[in-house]
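Here's the letter readout for the chains.
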Amino acid sequence: MALACTTALAATAACGSSGGTGGTTADGKIELTVATFNEFGYEDLLPAYEAAHPNIKVVARKTGKADDHHQNLFTKIAAGSGLSDIEAVEEGYLPQVLSKADKFNNLSEIGPADVKPDRWLGWKSESATKNGSFIGYGTDIGPLAMCYRKDLFEAAGLPSDPEGVKAVFATWESYFAAGDQFKAKSADKAWFDSAAQVFNAMINQEKVGYYDASDKLVVDTNPDLKADWNQVTAAVAKGQSAKLVAFSNEWNTGFKNAAFATKTCPSWMLGVVEKQAGPENAGKWAVTEAFPDGGGNWGGSFLTVPKQSKHPKEAAELAAWLTAPEQQIKAFTAKGTFPSQVEALTSPALLEQTSAYFGGVKTGALFAAQAKKVPAAQPKGPASGTIQDKVFNSALQAVEQGTSVDDAWKQAVEGAQKAAK
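Scope of this entry: the structure provided in the associated data block. These figures come from a predicted structure and were not determined experimentally.

Examining the pairing of strand S8 (residues 260-266)
Here is step 1 of the chain: Within S8, seven of the seven residues are buried, leaving the element largely enclosed by the surrounding structure.
Here is step 2 of the chain: Two strands pair when backbone bridges link them, and strand S6 (residues 137-149) and S8 are joined in this way by five bridges, in the antiparallel orientation. From the neighbouring strand, Ala145 faces S8, where its bridge partner is Cys265.

Quick look at the nonpolar core
Here is step 1 of the chain: Membership of the largest hydrophobic core comes to 84 residues, with the highest contact counts inside it found for Phe169, Trp191 and Phe392.
Here is step 2 of the chain: Broken down by element, the residue count for this core peaks at seven residues, all from helix H9 (residues 195-205).
Here is step 3 of the chain: Setting aside its immediate chain neighbours within four residues, Trp191 contacts Phe153, Leu158, Val168, Phe169, Tyr175, Ala178, Gly179, Phe182, Gln240, Phe260, Ala261 and Thr262.
Here is step 4 of the chain: If you look at the next biggest cluster of nonpolar residues, it comprises 42 residues, including Val89, Ile135, Leu303 and Ala319.

Description of helix H18 (residues 405-419)
Here is step 1 of the chain: Taking 1.5 Å per residue as the helical rise, H18 with its 15 residues ought to reach 21 Å, and the 21 Å between its terminal C-alpha atoms agrees with that figure.
Here is step 2 of the chain: Within the sequence span of H18, burial applies to Ala408, Trp409, Ala412, Val413 and Ala416. Along the long axis of H18, the arc covered by the buried residues comes to 135°, so they all point the same way. Away from the buried face of H18 by more than 90 degrees, exposed residues Asp406, Lys410 and Lys418 are located.
Here is step 3 of the chain: On its buried face, H18 sits against helix H10 (223-237) and helix H17 (384-400).

A word on the side chain of Ser133
Here is step 1 of the chain: Relative to the helices and strands, Ser133 is located in strand S5 (residues 133-134).
Here is step 2 of the chain: Non-local contacts of Ser133, meaning those with residues more than four positions away in its chain, are made with Asn106 and Ala128.

Some details on empty space enclosed by the protein
Here is step 1 of the chain: The computed volume of the largest cavity comes to approximately 80 Å³.
Here is step 2 of the chain: Considering the residues around the largest cavity, the lining is formed by twelve residues, among which Tyr42, Thr139, Asp140, Ala331 and Thr337 are closest to the centre.
Here is step 3 of the chain: Where the lining of the largest cavity is concerned, the elements lending two or more residues are S6, helix H14 (325-335) and strand S11 (338-339).
Here is step 4 of the chain: Looking at side-chain class alone, the lining of the largest cavity contains seven nonpolar, four polar and one charged residues.

Some points on the state of the cysteines
Here is step 1 of the chain: In the structure shown here, the tally under the stated rule is one disulfide.
Here is step 2 of the chain: Cys147 shares a disulfide with Cys265; S-S distance 2.2 Å. Its torsion about the S-S bond being -120°, the disulfide of Cys147 and Cys265 is classed as left-handed. You can see Cys147 sitting in strand S6 and its partner Cys265 sitting in strand S8, a full 118 residues away along the chain. For the pair Cys147 and Cys265, one class covers both residues: buried.

Structural notes on the pattern of salt bridges
Here is step 1 of the chain: Throughout the structure, instances matching the rule amount to eleven salt bridges.
Here is step 2 of the chain: In this structure, the salt-bridge partner of Lys335 is Glu39, at a minimum N-O distance of 3.7 Å. Of this pair, Lys335 sits in helix H14 while Glu39 sits in the loop between strand S1 (30-37) and helix H1 (45-52), and the two are 296 residues apart along the sequence.
Here is step 3 of the chain: We classify Glu39 as partly exposed; its relative accessible area is 31%.
Here is step 4 of the chain: Here Lys62 makes a salt bridge to Glu43, at a shortest N to O gap of 2.9 Å. Here Lys62 is found in strand S2 (residues 56-63), whereas its partner Glu43 is found in the loop between S1 and H1, with 19 residues between them in sequence.
Here is step 5 of the chain: On the accessibility criterion, Lys62 (46% relative accessible area) is partly exposed.
Here is step 6 of the chain: When its relative accessible area of 42% is taken as the criterion, Glu43 is described as partly exposed.
Here is step 7 of the chain: Several salt bridges share partner residues, and in doing so they unite Glu39, Glu43, Lys62 and Lys335 into one network.

Section: unusual backbone geometry
Here is step 1 of the chain: Even without being a glycine, Asn38 presents a positive backbone phi close to 50°.
Here is step 2 of the chain: Note on placement: Asn38 falls in the loop between S1 and H1.
Here is step 3 of the chain: For Asn38, a relative accessible area of 8% puts it in the buried group.
Here is step 4 of the chain: One non-glycine residue, Ala258, lies in the positive phi region at around 55°.
Here is step 5 of the chain: Mapped onto the fold, Ala258 is located in the loop between helix H11 (249-256) and S8.
Here is step 6 of the chain: Classification of Ala258 by relative accessible area gives buried; the value is 8%.

Cut-offs used in this document
Residues numbered from 1 in each chain as written. Predicted model: local features only at pLDDT ≥ 70, side-chain atom pairs only at ≥ 80, totals over all residues. Heavy atoms only, no water. Buried < 20%, exposed > 50% of the residue type's maximum accessible area, 1.4 Å probe, protein only. Helix = DSSP H or I, 4+ residues; strand = E, 2+ residues; numbered from the N terminus. Pairing = 2+ DSSP bridges. Core = buried A, V, L, I, M, F, W, Y, C linked by side-chain atoms within 4.5 Å. Contact = heavy atoms within 4.5 Å. Expected span 1.5 Å × (residues − 1). Arc of directions from axis to C-beta. 1 Å grid on protein atoms, 1.4 Å probe; cavity = no way out; pocket = protein on both sides within 12 Å on 5 of 7 lines; lining within 4 Å. Points joined across faces, edges and corners; volume = space filled by probe spheres on them. Nonpolar A, V, L, I, M, F, W, Y, C, P; charged D, E, K, R; others polar. Disulfide = S-S within 2.5 Å. Salt bridge = Lys/Arg side-chain N within 4 Å of Asp/Glu carboxyl O.

If you want it as structure tokens, here you go:
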């Protein structure tokens, strides 16, 4: 999956390492190398492709951490050799890849003629398009929903049923107002886990984030970004944050100990919640499609074909097959990577999926509906991933540890400007 396989994505989603370009085997087969990271759900798919294509030998190169995979990717782009025939790219690193789009094949030109960008959700394909070049077939996505502890809501006098929580999560204003109400009744509990986790979801919803459409850094001039910052830091000042660093041991334990009442939940986060909260908390956590100010996406990856590949057309055919609706559903069933293909989002295998842990809700249908709420791809600049995961996360953590909001904002702006150089 994706989850923005940066810090978040390292927790799940299709987040690998590259080996070298494929060639020809001793028995004359075309060898294609596929580099992925974390879990894409391709373990059974690649052998199936080989069985249907006797002239193809597929070599999987899989890495556990997205950072390692992408560091290797950029090193080998600079070296001019060593990349795999298919390279997975997580959305947080996609802007850096798009800045080097001339090193990747335009899939609209070399891919199968019947595979068009409109097979995917519009915003997914838009994300991988630069100056008319479509360089990535979409794999998974991370549509946003909200998870919450029903028992903590009830103890604080907040509605916990599916209809009642819609008003709580209608807008960010109503969300933070409910946080004030919650804190008044539950002083020893936090409303949310981390300022950065909330802010990341908020900024991902905006039409413009850290960069504008011309790749200009707008951190210090974007009023929507500053408004989101002000809302989140004001909530921190009121004690709404548990001040936990996402994916730390303390954050993991926080799920089990009911340290916070709400959690921004991309589709891939449900597995994290279930694992960390444990079986003893089954039925206490709920998930709702009511998400402040509409939908959003957090996470997802793409399959690209570098120009270093010796067999670009064959690689594009394999990438197209791996990301086709049928295979996306199989990958989802195997590893929970949520599909980005339009046709896959109507599959009964997806829509009928339920989660016993979250009270039997049809999570497949819920997230399919959330995916369709994303209006368009947000412009991303070369350092967008670094700015979000390193710069702003660190600045918000500084606020949670006592740094003044003004000083932390200055830290964030200067850090973004440095990262963008």
